[in-house]
Amino acid sequence: MLQELAYFAVIVVTLILAFPYGWHLAKVFKGEPNLLTPLLRPIERGIYRVCGINEFSEMTWKKYVATLVGFETLGVVFAFMILSLQGVLPLNPHGVSSFRWDWAVNSAISWVTNTNWIAYSGERDLSYMSQMLGVLVEDYISPSVGFVAIVVLARSFSRKHCPTVGNFWVDFTRAILYVWIPLGLILVFPLISQGVVQNFDPYAVAHTLEGGVQLIPGGPAATIIIYQLICEDGANYFANSMAHPFENPTPFTNWFTMAYILFVPASIVVMIGKLAISRDTTKALFSVMLVLFILVMPLPFYAENQGNPLLEKLGVQGGVNMEGKEMRFSMFEHIMYIIVGMAPANGSTVSQHDSVMPLTILTIIFMVVIGAPIFGCIGEGPMALIHYFIVTMFIAGLMTGRTPELIGKKVELREIILAGASFLFSSFSSLMTTAIVIVSAAGMAVLGNAGPHGLTEMLFAFTSASINNGSFMGGLNVNSYIINLMTPPCMILGRYSTLLVGIAIAGSMARKGQIPISAATLPVASPLFIIAVVFVVFVISALCFFPVATIGPILEHLLMTSGRTF
Amino acid sequence: MRGKTTKLLESDIVGQAVKDAFLKLDPRVQWRNLVMFVVEIGAFLTTLNALGDVLTGGNFKFDIQIGIWLWFTVLFANFSEALAEGRGKAQAESLRLARSEAMANRQLHDGSIEQIPALDLRKGDLYVVNNGEIIPGDGEVIEGTALVDESAVTGESAPVVREPGSTLRGVTGGTKVISGKITVKVTVDPGETFLDQMISMVENAKRQKTPNERALEILLIGMTAIFIIVVVTLVPFANYVGVSISLVVLVSLLVCLIPTTIGGLLPAIGIAGMERLLQNNVIALSGRGVEASGNVDLVLMDKTGTITLGNRMATEFIPAPGVSIEEIARAAMLSSLADDTPEGRSIVELCKQVLGIRGRDIRPKEGSTFVPFSPISSMSGINIDGVQIRKGSAESMDNLIKSVGLSTPDEVNAAVDRIAREGGTPLVVVEGIKVLGAIRLKDVIKEGIRERLNNMRKLGIRFVMITGDNPVTAAAIAAEAGIDDFMAQARPAFKLDAIRRYQKDGHMVAMIGDGTNDAPALAQADLAVAMNAGTQAAREAANMIDLDSNPAKLLDIVEIGKQLLMTRGALTTFSVANDVSKYFAILPAIFATSYPQLEVLNIMGLATPASAVLSAVIFNALIIPALIPLAIKGVSYRAATTESLLRYNLVVYGLGGLIIPFIGIKLVDILVVLLHLE
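Residues numbered from 1 in each chain as written. Chains lettered and ligands numbered in written order. Predicted model: local features only at pLDDT ≥ 70, side-chain atom pairs only at ≥ 80, totals over all residues. Heavy atoms only, no water.

1. Details of the overall build of chain A
Inference 1: For chain A, the helix and strand inventory stands at 21 helices and four strands.
Inference 2: A globule of 566 residues ought to have a C-alpha radius of gyration of about 24 Å, and chain A, at 23 Å, matches this closely.
Inference 3: By principal-axis analysis of the C-alpha atoms, chain A measures approximately 75 × 55 × 50 Å.
Inference 4: In chain A, which comprises 566 residues, the proportion classed as buried is 66%.
Inference 5: Put simply, 78% of the contacts in chain A that link residues at least 6 apart link residues at least 24 apart.
Inference 6: Per element, the accessible surface of chain A, about 18800 Å² overall, is 70% carbon and sulfur. (Helix = DSSP H or I, 4+ residues; strand = E, 2+ residues; numbered from the N terminus. Rg over C-alpha atoms; globule rule 2.2 N^0.38 Å. Buried < 20%, exposed > 50% of the residue type's maximum accessible area, 1.4 Å probe, protein only. Contact = heavy atoms within 4.5 Å. Areas by Shrake-Rupley, 256 points an atom, 1.4 Å probe, with all protein chains shown as cover.)

2. Things to note about the overall build of chain B
Inference 1: The number of helices and strands found in chain B is 24 helices and 22 strands.
Inference 2: Out of the 678 residues belonging to chain B, those deemed buried represent 56%.
Inference 3: The contacts of chain B with a sequence gap of at least 6 include a subset with a gap of at least 24, amounting to 69%.
Inference 4: For chain B, the accessible area works out to roughly 27200 Å², and carbon and sulfur atoms hold 58% of it.

3. Quick word on the confidence of the model for chain B
Inference 1: For chain B, per-residue confidence averages 83 on the pLDDT scale, and residues scoring 70 or more make up 89% of the total.
Inference 2: For this predicted complex, the interface score ipTM comes out at 0.91, while the overall pTM is 0.84. (pLDDT = per-residue confidence, 0-100.)

4. Comments concerning the packing of aromatic side chains
The description of two aromatic rings rests on the distance between their centres and on the angle between their planes.
Inference 1: Here the structure, examined in full by the defined rule, presents 30 aromatic pairs over all chains.
Inference 2: Note on Trp69(B) and Phe72(B): the rings are 5.5 Å apart at their centroids and 50° apart in plane angle, and the pair reads as tilted. Here the residue Trp69(B) and the residue Phe72(B) both occupy positions in helix α4 (residues 61–98), the gap between them amounting to three residues, near one helical turn.
Inference 3: One aromatic cluster is present, formed by Tyr7(A), Phe8(A), Phe252(A), Trp255(A), Phe301(A) and Phe332(A) through successive ring pairs.
Inference 4: Directly above the ring of Tyr502(B) sits Arg501(B), whose terminal nitrogen or CZ lies 5.7 Å from the centroid. (Phe/Tyr/Trp six-rings, centres within 6.5 Å; stacked < 30°, edge-to-face > 60°. Lys NZ or Arg CZ within 6 Å of the ring centre and 35° of its normal.)

5. Comments concerning the interface of chain B and chain A
Inference 1: In this assembly, 59 residues from chain B lie in contact with 58 residues from chain A.
Inference 2: The contact between chain B and chain A buries some 5200 Å² in all, and 79% of this surface belongs to carbon and sulfur atoms.
Inference 3: One can count zero salt bridges joining chain B with chain A.
Inference 4: In this assembly, chain B and chain A are joined by seven residue pairs in polar contact (both at pLDDT 80 or more). (Buried area = accessible area lost by both parts, 1.4 Å probe. Salt bridge = Lys/Arg side-chain N within 4 Å of Asp/Glu carboxyl O. Polar contact = N/O pair within 3.5 Å; in protein donor to acceptor, adjacent residues only side chain to side chain.)

6. Examining the sheet that holds strand β4 (residues 139–143) of chain B
All names here are of chain B.
Inference 1: Ordered in space as β2-β1-β3-β9-β4-β7, the six strands form an open sheet in which the pairing is antiparallel. A single partner strand is all that each edge strand has here, and the edge strands are β2 (113–117) and β7 (170–171).
Inference 2: With two bridges joining them, β4 and β7 adopt antiparallel strand pairing. Within the sheet, the bridge partner assigned to Glu-140 lies in β7 and is Gly-170. (Pairing = 2+ DSSP bridges.)

7. With respect to helix α22 (residues 579–591) of chain B
Inference 1: A rise of 1.5 Å per residue sets the reference length of α22(B), with its 13 residues, at 18 Å; its end C-alpha atoms lie 18 Å apart and thus fit the reference within 8%.
Inference 2: Most of α22(B) is tucked away, with 13 of its 13 residues classed as buried. (Expected span 1.5 Å × (residues − 1).)

8. Some remarks on the pattern of salt bridges
Side chains that carry opposite charge are capable of pairing whenever their charged atoms lie near each other.
Residue and element names in this part refer to chain A.
Inference 1: All chains considered together, the criterion is met by 26 salt bridges over all chains.
Inference 2: Across the pair Arg-41 and Glu-44 runs a salt bridge, and its minimum N-O distance is 3.2 Å. Of the two residues, Arg-41 and Glu-44 are both situated in helix α2 (residues 37–51); the distance of three residues between them amounts to about one turn of the helix.
Inference 3: Residue Glu-44 is classed as buried on the basis of its relative accessible area of 1%.

9. Quick look at unusual backbone geometry
Residues and elements named next belong to chain A.
Inference 1: A positive phi angle, close to 50°, is found at Ile-277, a residue other than glycine.
Inference 2: In this structure, Ile-277 sits in the loop between α9 (251–275) and α10 (279–295).
Inference 3: Even without being glycine, Ala-372 reaches a positive phi, approximately 45°.
Inference 4: Within the secondary structure, Ala-372 is located in the loop between α14 (358–369) and α15 (380–399).

10. Side note on the nonpolar core
Inference 1: Core analysis: the largest hydrophobic core is formed by 336 residues, its most contacted members being Phe147(A), Trp180(A) and Met271(A).
Inference 2: Look past the residues within four positions of Trp180(A) in its chain and what remains in contact with it is Asp139(A), Tyr140(A), Pro143(A), Ser144(A), Phe147(A), Ala175(A), Tyr227(A), Ile230(A), Cys231(A), Val264(A) and Ile378(A).
Inference 3: If you look at the next biggest cluster of nonpolar residues, it comprises 34 residues, including Ile384(B), Ile401(B), Ala415(B) and Ala438(B). (Core = buried A, V, L, I, M, F, W, Y, C linked by side-chain atoms within 4.5 Å.)

11. Concerning a positive patch on the surface
Inference 1: Judged by side-chain charge, Lys27(A), Lys30(A), Lys274(A) and Arg279(A) come together as a positively charged surface patch.
Inference 2: Mapped onto the secondary structure, Arg279(A) falls in helix α10. (Patch = residues over 30% accessible without salt bridge, like charges linked within 9 Å, V, L, I, M, F, W, Y side chains within 5 Å. Lys, Arg positive; Asp, Glu negative; His and termini not counted. Charge placed at Lys NZ, Arg CZ, Asp CG, Glu CD.)

12. Remarks on the pairing of strand β1 (residues 204–207) of chain A
Residue and element names in this part refer to chain A.
Inference 1: Of the strand pairs in this sheet, β1 and strand β2 (residues 213–216) are connected by four bridges, and their pairing is antiparallel. Of the residues in β2, the one forming a bridge with His-207 is Val-213.
Inference 2: Hairpin connection from β1 to β2: five residues lie between these consecutive antiparallel strands, with Gly-211 at a positive phi of about 95°.

13. As for the sheet that holds strand β19 (residues 485–487) of chain B
Residue and element names in this part refer to chain B.
Inference 1: One open sheet accounts for seven strands, arranged β10-β22-β21-β20-β11-β18-β19; its pairing is mixed. The sheet terminates laterally at β10 (282–284) and β19, the two strands that pair on one side only. Here the strands of the sheet are splayed against their neighbours by 20° on average, with no regard to which way each runs.
Inference 2: The sheet contact formed by strand β21 (residues 527–531) and strand β22 (residues 544–546) spans three bridges and is parallel. Bridge assignment links Ala-530 to a residue of β22, and that residue is Ile-545.
Inference 3: Along the sheet face, helix α10 (residues 287–295) touches β10, β21 and β22 and points at about 80° away from the line of β22. (Axes fitted to C-alpha atoms, helices over the stretch in contact; angles between N-to-C directions.)

14. Quick look at the packing of α15(A) against helix α16 (residues 413–439) of chain A
Residues and elements named next belong to chain A.
Inference 1: The geometry of α15 relative to α16 is characterised by a closest axis approach of 9 Å and an angle of 125° between their N-to-C directions. Taken together, the axes of α15 and α16 are oblique relative to one another. In the crossing of α15 with α16, the sense of the turn from one axis to the other is left-handed. Across from His-387, Tyr-388, Ile-390, Val-391 and Phe-394 in α15, the residues of α16 making contact are Glu-415, Ile-416, Ala-419, Ser-422 and Phe-423.
Inference 2: Its residues assigned to classes, the contact of α15 with α16 shows seven nonpolar, two polar and one charged. (Parallel < 35°, antiparallel > 145°, perpendicular 65-115°, else oblique. Left-handed = near helix turned anticlockwise from the far one by under 90°. Nonpolar A, V, L, I, M, F, W, Y, C, P; charged D, E, K, R; others polar.)

15. Overview of the environment of Ala9(A)
Inference 1: With respect to the secondary-structure elements, Ala9(A) resides in helix α1 (residues 2–30).
Inference 2: Separated by 543 residues in sequence, Ala9(A) and Gly552(A) place their C-alpha atoms 35 Å apart.

16. A word on the packing of helix α7 (residues 211–240) of chain B against helix α9 (residues 260–279) of chain B
Residues and elements named next belong to chain B.
Inference 1: Between α7 and α9, the least distance of the axes is 11 Å, while the angle of their chain directions is 160°. By the angle class used here, α7 and α9 are roughly antiparallel. The handedness of the crossing between α7 and α9 comes out as left-handed. Judged by residue contacts, Glu-213, Leu-216, Glu-217 and Leu-220 of α7 engage Ile-262, Gly-263, Leu-266 and Pro-267 from α9.
Inference 2: When its residues are assigned to classes, the contact of α7 with α9 shows five nonpolar, one polar and two charged.

17. Overview of the environment of Ile439(B)
Residue and element names in this part refer to chain B.
Inference 1: Locating Ile-439 in the fold gives a position in strand β17 (residues 434–445).
Inference 2: The buried category is assigned to Ile-439, whose relative accessible area is 0%.
Inference 3: It is 9.7 Å that separates the C-alpha atoms of Ile-439 and Gly-424, two residues lying 15 residues apart in sequence.
Inference 4: When residues no more than four places from it in sequence are discounted, the contact partners of Ile-439 are Ala-314, Glu-316, Phe-317, Ala-332, Ile-347, Lys-391, Ile-419, Thr-425, Pro-426, Leu-427 and Val-429.

18. Focus: the side chain of Lys512(A)
Inference 1: For Lys512(A), the location among the structural elements is in the loop between α19 (481–511) and α20 (527–541).
Inference 2: Apart from residues lying up to four places away in sequence, Lys512(A) is in contact with Arg159(A), Lys160(A), His161(A), Lys409(A), Lys410(A), Glu412(A) and Glu415(A).

19. Quick look at the pairing of strand β20 (residues 509–513) of chain B
All names here are of chain B.
Inference 1: Counted residue by residue, β20 has five buried out of five residues, so it is predominantly covered.
Inference 2: Covered by surrounding structure in β20 are Val-509, Met-511 and Gly-513 together with Ala-510 and Ile-512, the residues of both alternating faces.
Inference 3: Bridge count between β20 and β21: four bridges; the pairing is parallel. Of the residues in β21, the one forming a bridge with Met-511 is Ala-528.

Set out below in structure tokens:
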């Protein structure tokens, strides 16, 4: 009981700490003096001078999008080159070889889109050079791009008749300089103090009792893992993610890492309210997130604790499902980590997703297909939730007899087209690719399991790629041409259909006037609106996946209880 | 006058609507409603499939039934639209016929006069207006001289002289000739064409979709596209687990999931909104205006005619010290006998009450002379036996008294101040050199206006009163009527500035106007209603015309606009919520044969896979005609706070939309089994 309470306490404390940090973030992106200004402002100004950036000139949303896309494209090319050439580049003490082209394309795009699709094992396949430069791309650049996008959207709500949305270079510089670098430097210490590995040594060679030889991997793990946690990449320095004792050595690191996963997304929610000058928005976003967070909990707890009835028949004691789980942790800790790690599309885990119960995987898929709005991937999660807000407000506004307005901005044709397109693209990218792969012989060949379980594996892989989560179930052979080449379109479509749509919406919101609050204004923080948003999340997004879930995890669950597994 | 209310199902309208429902199946027409176009394609494919079954001797019973019901789905949707169109047109026609009360005396070339409806006047026609008649249309006086009361248009109560050849030759429709007879040449076509414009707006082909309707339509199309992806990808997924789904079942699933209920009824809702306006004798010149009316959050209202009855009424005499009430009443009556303004008449009425006089024709003594009101002296009166009796504004009377070296008694001045403070207009009566006392002229607030404004305020609408009165009077009237804000001593040009200022602050502004000087403000307002009795310029600048020229109509228009949007929102919620039940009907039907475990999803306990699919499709089709009355009459509307409106609609249409189809599909399934249709 104490342990359970401690976990909830960690979550509550994290959410409380998110408030002061969120206020700090808002100051950073408004360009107001903040705690770090004396230290970082000269550096910031120096960067602008060297790069020839006029920090006071702003861009239209189109220019902002063009700059962002151009920048991300360069990132992909850069990451592709590193991975393709890592075999001949320096800082490669244990002599790993270069990536095959399809593998490099996949990994480069997954880095840049903040998916961190781990089609490789970090400890086995990456040189120190690639780990570090990869980190540069995936842990500074890609989360910063997500970050600036949500900054732009939030800020647009407080603008009036304004043709511009901000300056990409300024926002981006601030994200890296004021957010990621200080945060990583501070938050890494608790990890290192607990013994998370941090060195530049070649892998240690151990001679086992049986006379075998084992490579013990090392490297600058802590500094990389910290970013993989706070940037919602999913910790994967070591192949076993947070189940690995070098990544997650003690119960304290287990708590810290969970807190880290939630901290930045929660702070972003606070920041949104400050930038939009609407405390209600923060309240509403938090409420919807918490409601969904609580709604997804019961099913995994029920499924995992109920366990596999087949094992029970074979006489296995207790029957709880401990397959694929790290024995250091209790069942409760596993389930909490699954929910906390997967809800914000982070992907860090202490369990093997391929071995969890079908209803648990159903819950995970649910969290993923609704756009991971529960705290959410940096930028994308809250943005997806704002897209839901737009659609909900449109219908709710009509029901109260007026053209709807969200946070003082009228919701009109343009916003509906954009938000609708975002939903259309994300269901298109995950459902269509899963369907295409599953009918192809190549797709069937990479599938490790048959029946509904195989369908679940495939569906999970593509929905996870679409939402830039990056997890997949172990049964799928991901380093194959078909998966390497079919997932990048999902990652691109999933990420940019959310981010770019968000910036486009920001463009039109900034141009609009502000509607004064009146008795007819439907406050976003009202419980009714929260309920309506949750309703829309279920009916518009989740229901689209109900047919495939029926013959995937649901069928698997029903077959399992009647005695068949896959 | 309220327009004729058309019964929901009038046989000739229904007959035409049934015919039109089939005509609209023409793909070139049907594609305008994309959601239903998708259903039509589905119906077509299903029919082809059924025909194939017939030819190959397969089991065609199921396929044919599904095909028929899909066609019915499209036809029901088309019927709802055609019915709304038919009713709108019928309403417009009946209005056209009813426009007979405004008549004009047209002068023909031979000099003879014929009576025609005012709306039939054309540019260049000549008409004659006699004493006491309303001027039927805008024009120029070419013969005769008349005193014209233009207060309905300009708000100025003093009558003006209109005669040919001068700058005063223009007359305005809706104004009234108080005395004289003039012949007028029509300069602009009156608004008959507005009705034609209205009729064209309810016709499918020419109908312009409004911005909000288009946004909703886009959302529905987006959802349709998502469901097409869902259904198409289900084929390979099902194949993977060893289930093949027939085309007919796939089409059924798709049609059940896409928002056919709202998609089918959407056009009817918009047309019916315009028809409800017509029932209130309001002609909408653009659908945009109808929609904007729901969004209005600030209403500029002229005091006169909207909040108060047009004219002030004398309600009290306050005699000076030493003067009896009879004395002042007698003097006031004499001074007002020749004053034909409403105020003058109301003073006479009050005097009769006070003095207990009956009888219609009260004449002053022979040899008396009347002094008519002039704006310069701002007084009127009578001279009897060399005694001047005058009544007028406190200021003018004070000047009159001062001119003979006297001053108004303090008590009278105090009474004058009090009357003004309480929102009335004080008049002072003087006989010879003696101040007899003050008359209270009071603006009479329209009955029920306060409650009405209060209800509207719950919906978040603010009201600003515009008046030429001084701020003190304006504040008193505003307080009495429950108005939020007022603009006192306003000149017509103020309105435009005010609207711009409010719009800049993000308000949606409505106003009602009639005069030419209102035209710029009307053009600027988001919802602009012109009175039909107003000037041509005002009518052209507005987006709605009120045939009754009743300024309070603005409130009805706002309510209709809100009801229109609420109906759209409610039916969308209902339609989307329906999807849940359809999954539970069709998915077990598809998969439970191969995987009996999935039978647990068949929570309705539908008899067979065939009956389940058929029931879902039949329910989906029948819900459209079942909701036609709601679409055409609009959801029940009440003034309530935003949250309570949302709560009510979420429960009724959201929760109801979740639950009702479960019951409905089950009932249809029982029938299907009973009739052996499966």
